[in-house]
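# Tertiary structure, described
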Amino acid sequence: MWDWITQNSGALSAVLNAAMLVVWIAYLQLFFVSFRRSNRTVIHIGLAAARDGDGRCLVTNMGSDTAYVLAVKIDLDFGEESRSALVTDRVEDDDPLGGDFREKTNEGPLGGGEALDIGSLRRIVQRAAHRTGEELSLEQCRAVTLTVMVASQQAHRMSGGYKRYEIERGDDGEMRFRPSDVLTRQIRRRSQRRELRDMLDA
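Residues numbered from 1 in each chain as written. Predicted model: local features only at pLDDT ≥ 70, side-chain atom pairs only at ≥ 80, totals over all residues. Heavy atoms only, no water.

## Details of helix 3 (residues 121-132)
- Helix length check: helix 3 (12 residues) gives 16 Å between terminal C-alpha atoms against 16 Å at 1.5 Å per residue, within 8%.
- Count one or two residues on from helix 3 and you reach Gly 133, which has phi positive near 75°. (Helix = DSSP H or I, 4+ residues; strand = E, 2+ residues; numbered from the N terminus. Expected span 1.5 Å × (residues − 1).)

## What about the side chain of Arg 127?
- Within the element layout of this structure, Arg 127 appears in helix 3.
- With a relative accessible area of 3%, Arg 127 lands in the buried category.
- In terms of polar contacts, Arg 127 uses its side chain to reach the backbone carbonyl oxygen of Ile 118, at 2.9 Å. (Buried < 20%, exposed > 50% of the residue type's maximum accessible area, 1.4 Å probe, protein only. Polar contact = N/O pair within 3.5 Å; in protein donor to acceptor, adjacent residues only side chain to side chain.)

## What to know about the pattern of salt bridges
- Taken as a whole and assessed by the stated rule, the structure comprises 9 salt bridges.
- A salt bridge links Arg 83 to Glu 134; the shortest N-O distance between them is 2.9 Å. One end of the pair, Arg 83, is in strand 4 (residues 82-86); the other, Glu 134, is in the loop between helix 3 and strand 7 (143-152), and 51 residues separate them in sequence.
- Salt bridges linked by common partners bring Asp 54, Arg 122 and Glu 139 together as one network. (Salt bridge = Lys/Arg side-chain N within 4 Å of Asp/Glu carboxyl O.)

## Side note on the sheet that holds strand 2 (residues 56-61)
- Taking strand neighbours across the sheet as the criterion, the 3 strands line up as 1-2-6 in an open arrangement whose pairing is antiparallel. Both outer strands of the open sheet, strand 1 (43-48) and strand 6 (115-120), are each paired with one neighbouring strand and no more. Recorded for the sheet is a direction-independent mean angle of 25° between the axes of neighbouring strands.
- Sheet analysis places strand 2 next to strand 6, joined by 4 bridges and oriented antiparallel. Among the inter-strand pairings, Thr 60 is bridged to a residue of strand 6, identified as Ala 115.
- Against the sheet, helix 3 makes contact with strand 1, strand 2 and strand 6, and its axis sits at roughly 70° relative to strand 6, the strand it touches most. (Pairing = 2+ DSSP bridges. Axes fitted to C-alpha atoms, helices over the stretch in contact; angles between N-to-C directions. Contact = heavy atoms within 4.5 Å.)

Without other data, these values stay purely geometric and don't point to any function.
In C-alpha cells form, the structure reads like this:
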C-alpha cells in the first residue's frame, strides 16, 4: 500500500490539489453570490393608513446600501385608455426647492431600511393630471401601477420596483385598492432598465 502511494505520489498530489482548487472555487462562488444578494437593492411599495384613495404610498429600501430615488411613475388604467406620468416632484409649480428639499420632491437618497412617504394615491393622481394637462380622476380608474426608479451600487446601476393595484368598489361606492401581488416586482432585466432610462432622458 505504502509502496503504491510512494510510486504514485505525484499523481495523488495533483488530484488532491485539483480537489482543493474545486473546493476553493465553490467557496468563492458561494461567497460572491451571498455578497451580491446582501448588497442588492430591493424596493418595496406599499399602502399604509388606509386602503382607499387616501392611503399613503410608502417606498421602502429593503437593501443594506443607500439607493438614490430617481423618479416615481404612475400608470393609470381607464379600461380602453391609459395614461402615464412622472410624479416625482411634490410641487405643482416652478418655485425653487429651497429649505428641506424632501418636502417638495421624492427624489433623493434613501438609506437601507428607510421608508419614504410619497403621498396619497389621490394626490399622486392629481400630480399626474398636472403633468399631462388632462382632467384625470382616480374615480374613473380601474387600476393604478406605481413604479419607483432608483440608482444603486454607488449610482453605477439603475433598478427599481413596481406594483399594480386593482380598484374595487363596494356597495357603498367606496374604493378599495387590492395589490395584484403582495410583493413588489423588481426591475432586473436589461430591457426594463433601458426603458426606464429612455423615459428619464425624454
